[in-house]
Each structure stands twice: as structure tokens, then as C-alpha cells.
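Report on the structure
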Amino acid sequence: MVEVDEEEPTSTHDGDRSTSEIQEGGTGSSRVVRYKWWMQMAAFTIFVLSGQSVATMLGRLYFNNGGNSKWMATLVQTAGFPITFPFIFFFSSSKTTPKTHQITSRKPSWIVIAALYMFLGIFLAADCMLYTIGLNFLPVSTFSLICASQLAFNAFFSHFLNRQKITPLITNSLVLLSFSSTLLVFQGDSEETAKTSKSKYIIGFVCTVAASAGFGLMLSVTQLSFQKILKSETYKVVFEMIVYQNLTASVVILVGLFASGEWKSIKGEMEDFKSGKVPYVMNLVWTAISWQVFSLGCVGLIFKVSSLFSNVISTLGIPIVPVFAVVFFHEKMNGVKVISMLLAIWGFISYIYQHYLDDLKEKAETKTENREVDLTETRISQ
């Protein structure tokens, strides 16, 4: 049964299908599938880039205008999950699982699924808190560039958990992204870092790196969950993952909010917010929505392609936030940040080129296999 599940092409997970598999074939239906796939990738990519950029900028705006609650800033990263809940029912019958897949795999018990979502939810809550501390203590441009290191961590974990190949080009990408974030430690006495103490800057840096490592690990575990545990071919599982994972994280964060006593200062924080009460509420609401848009795109890319590809798209947004930070928050783009950004972009291009080479190789192998099948059929017919 295991051999059938591994070798039968109709029973493989959508997320494991390569671009070349979708692009091959000359029939009208295959072209429709190809265009549909690219439209989905484009939509998920837009969700990741827009959601990540807007949420990061709004998070920085919250602290700049007088917001002080780390637990509240963490809660908005997960509390927007109700907006994705209706999609679970909308996509519940979007695709029928092939019979071969039904025979060769069993659905996990609700206990296993509940344990998985609880683990991911608790992990997400801790990761969001680390991101909040980093964003609070660091300039937003520095924060976003350090987050580029999450691609290196994700590649490392994907190599062991998801058998991701580590080629020379990918290694080059990881090294460049690591240098890109580490370089920011040495910018030291700039105007921006002078606003916070050196100890807070170091804490912010360490927390952001730890959050990036945790995010990379979580993406790899999510991909592993889709392949080995959930084994579903419908988008319903994507929305279930987002809803239940964020629900668990929100409960954990709410416990922390009340246990820490920060909930008592929320009313005063709202009244003292520089822009007023309504902008305070709108900031939290749109931050929550933006993070859910990002989650939808991120998990969607993992489901359709891989965790590493999802992280690469997220890294693509690195240059966006620093540019916005210069425009809206008047942060200075000094030489160290420019070099860091260029190294990050270089690392991203290195990975994309490897992906391009792999795609060409898969297309060539597919064409060779098709020719061999045609020759075999011709000989049999003769």
C-alpha cells in the first residue's frame, strides 16, 4: 500500500506537484489547470507581500503613537482568524480525493489533529511575542532586514524534515541572508538606535533572530503536517489550519494578557494614543486583518508548493518595508542597511535561480519519459 501511495501520480499531494507537471500537456484542460495554478500562486504571493508589509508598518505605528502593551500587539497577530472561518464551509466540497488516495491513506484521528493544532498554536503565540519585542526595540527597517534570516532557518529545517535539497546555490543564498541580518548588529550608534538603549537593541535583535528561526521551523512543520498527517487535497484544510492554529494562539496570548495585568492599562492607552481612540481601534483591527491575509497566502503557498518557496516569497518583501519606513517614519537608510538589503536581494536571486534550474531539469526529465512511453506504445501497436 505504501508503494502505491508513493508511485501513483494521481494520489500525490497538490503541494508536491512541480510546476513542470502542471505545464506539460497540450490539451485544453491541462492549459486551464496551468493557468488556474499560476493565478492561485499570484493571489497567494500578493497576500503574503501585502499582508506582511502592511501589518509590519501598522505594528510599528502602534508603538510610535503611544502603544505600550506587548501582549495586545501580539494578540492582533492572531486574533483576526474569524474572518477566515466562513471559507472552511465554502471550500468544504471543492475537490474530491482520488479513490487510490482513499485506499492507501487513512484520515488521522481528531485527537492527533487537535494535538497538532494545539502545538502549532502555542508555538505561534511564542513566536508572535518574540516578533513583537523585536519590532518594539528595533527600527522597522532593521527589523524587516533581520527577518530575512528566516529563509536560512527554514532551508535548514526543511532539509531534515522535508528532504529539501541543499545545493551550492541554495547554500550561497543561506550564507548571504545570514550575513545580511548579522551585519545590522554592527550599525551601533546611528540616530535610530540612539533612541533606545544598547541593551534593548541587543534584546530586540536576539528576539527577532529567535522569532525568525521559530517561523522557519513552523513553516517546515506545517508542510510536514500537510504531507504526513492531514493528507488532504482541498483548500478546506488550509483554512482549518489557519483558524484553529490562530484560535489556540489567541487563547494563549489572552491568558498572558490577563495574567500580566496589562489589560488594566488598555483603556488608558487608548485615551493617550496620539491619533485618538478611533485610530487606535482601527490600527488594531487592520493589523489583525493584515496578518490574516499574510497567513492565508503563506499557508496557501506551503499547501501548493513548499514551505521554502513560501518563505522565499516572504523574503521578497524585504525591500518593501525599509522603503516604506523611510517614506512614512522618516528612518534613515544608512550604508549598513543598504549593504544588508543588497545581500538579502542577492541571496533571494540565488535561490530563485536554483528553482529555475530545477524546473528546467524536471521539464527535460518529463519530456524524456513521455518520449519513452510513446516509443513503447508504438512498438506494442506494431
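Our subject is the structure that appears above.
Note that the coordinates shown come from a computational prediction; the quantities given were computed from them, not determined experimentally. (Residues numbered from 1 in each chain as written. Predicted model: local features only at pLDDT ≥ 70, side-chain atom pairs only at ≥ 80, totals over all residues. Heavy atoms only, no water.)

1. A look at the packing of helix 12 (residues 198-230) against helix 16 (residues 307-316)
Angle between the axes and distance between the axes: these two values describe a pair of packed helices. With their axes 8 Å apart at the nearest point, helix 12 and helix 16 run at an angle of 140° to one another. In terms of orientation, helix 12 and helix 16 fall into the oblique class. Contacts from Phe-215, Gly-216, Leu-219, Ser-220 and Gln-223 in helix 12 reach Ser-307, Leu-308 and Asn-311 in helix 16. Looking at side-chain class alone, the contact of helix 12 with helix 16 contains 3 nonpolar, 5 polar and no charged residues. (Axes fitted to C-alpha atoms, helices over the stretch in contact; angles between N-to-C directions. Helix = DSSP H or I, 4+ residues; strand = E, 2+ residues; numbered from the N terminus. Parallel < 35°, antiparallel > 145°, perpendicular 65-115°, else oblique. Contact = heavy atoms within 4.5 Å. Nonpolar A, V, L, I, M, F, W, Y, C, P; charged D, E, K, R; others polar.)

2. Here we look at the nonpolar core
Of all hydrophobic cores here, the largest spans 65 residues; its most connected members are Tyr-62 and Phe-226. With 11 residues, the single largest contributor to this core is helix 15 (residues 277-304). Ignoring any residue separated from it by four or fewer positions in sequence, one finds Tyr-62 in contact with Gly-67, Asn-68, Ser-69, Met-72, Ala-73, Glu-269, Phe-273, Tyr-280, Asn-283 and Leu-284. By size, the runner-up hydrophobic cluster in this structure holds 12 residues, among which are Ala-152, Leu-174, Ala-344 and Phe-348. (Core = buried A, V, L, I, M, F, W, Y, C linked by side-chain atoms within 4.5 Å. Buried < 20%, exposed > 50% of the residue type's maximum accessible area, 1.4 Å probe, protein only.)

3. So, a negative patch on the surface
A contiguous patch of negative charge, built from Asp-358, Glu-362, Glu-365 and Glu-369, is present on the exposed surface. Considering the arrangement of structural elements, one finds Glu-369 in helix 18 (residues 335-381). (Patch = residues over 30% accessible without salt bridge, like charges linked within 9 Å, V, L, I, M, F, W, Y side chains within 5 Å. Areas by Shrake-Rupley, 256 points an atom, 1.4 Å probe, with all protein chains shown as cover. Salt bridge = Lys/Arg side-chain N within 4 Å of Asp/Glu carboxyl O. Lys, Arg positive; Asp, Glu negative; His and termini not counted. Charge placed at Lys NZ, Arg CZ, Asp CG, Glu CD.)

4. Describing the packing of helix 12 against helix 13 (residues 236-260)
Here helix 12 crosses helix 13 at 130°, and the two axes come no closer than 12 Å. Judged by the angle between their axes, helix 12 and helix 13 are oblique. Judged by the twist between their axes, the crossing of helix 12 over helix 13 is right-handed. On helix 13, the residues that touch Met-218, Thr-222, Ser-225, Phe-226 and Leu-230 of helix 12 are Val-237, Val-238, Met-241 and Gln-245. Looking at side-chain class alone, the contact of helix 12 with helix 13 contains 6 nonpolar, 3 polar and no charged residues. (Left-handed = near helix turned anticlockwise from the far one by under 90°.)

5. As for the pattern of salt bridges
Counting across every chain of the model gives 1 salt bridge. The salt bridge partner of Glu-240 is Lys-236, with a shortest N-O separation of 3.8 Å. On the criterion of helical spacing, the pair formed by Glu-240 and Lys-236 is a turn pair, its members being 4 residues apart in helix 13. By relative accessible area, which is 19% here, Glu-240 ends up buried. Residue classification places Lys-236 among the partly exposed residues on the basis of a relative accessible area of 28%.

Any link to function would need more than the numbers given here.
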